[in-house]
Amino acid sequence: YAVPGSAPLASGAAYYWRVRPRVQGDGALAPWTSTIRFTTPTLRTVTLADDGATITFPAGERFQLDLGTSYQWTVRVDDETIVALLPTMGPRAMPLLFEAKRLGQTTLSAVGDLPCRQAQPPCLAPSRLFTIQLVVQSPPAAGVTSTHPS
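Below is a summary of the structure that appears in this document. Not measured: the values here are computed from a predicted model. (Residues numbered from 1 in each chain as written. Predicted model: local features only at pLDDT ≥ 70, side-chain atom pairs only at ≥ 80, totals over all residues. Heavy atoms only, no water.)

### Here we look at the state of the cysteines
Phase 1 of the analysis: Across all of its chains, the model carries one disulfide by this definition.
Phase 2 of the analysis: Residue pairing for Cys116: its cysteine sulfur links by disulfide to Cys123, the two sulfurs lying 1.9 Å apart. Measuring the twist about the S-S bond at about 60°, one finds the Cys116-Cys123 disulfide to be right-handed. (Disulfide = S-S within 2.5 Å.)

Encoded structure:
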């Protein structure tokens, strides 16, 4: 089973799972499996307060970018083989979900425009620029947990 991108699991939440399969052939219901519990990992959130920062992630970690909804954001990652945008609600919906794919360094930049920039005639409000450097390092050794401020 894959969780649909339109309804992602909440970060840091506990979930319970059990399955009641059907018997192949006659379709009769089999007994429920025992219930298991799992907790989704907590996602680090990058915000406007991080503008200009260098942020380090272990390879394989996911993070979310939440620049708010006051602006319409166009987001770009210089090297998407290092940090990749994952499917979410839409290209301008915040927060956006990213994954640190491989070791290296890249830049994430965003340009935000107020909605009035799309009006006719457009307003003259300046664009908001946002840039961070992302460094992807080897994940910690087994049994070692990494901590970072949220």
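Here the narrative resumes, following the displayed structure.
### Let's talk about the pairing of strand β10 (residues 128-137)
Phase 1 of the analysis: Note that strand β4 (residues 54-58) and β10 share five bridges and pair parallel. Each bridged residue has a counterpart across the sheet, and for Pro58 the counterpart in β10 is Gln137.
Phase 2 of the analysis: Bridge count for strand β9 (residues 104-113) against β10 is nine bridges, and the pairing is antiparallel. Paired with Gln105 across the two strands is Val135, which belongs to β10. (Pairing = 2+ DSSP bridges. Helix = DSSP H or I, 4+ residues; strand = E, 2+ residues; numbered from the N terminus.)

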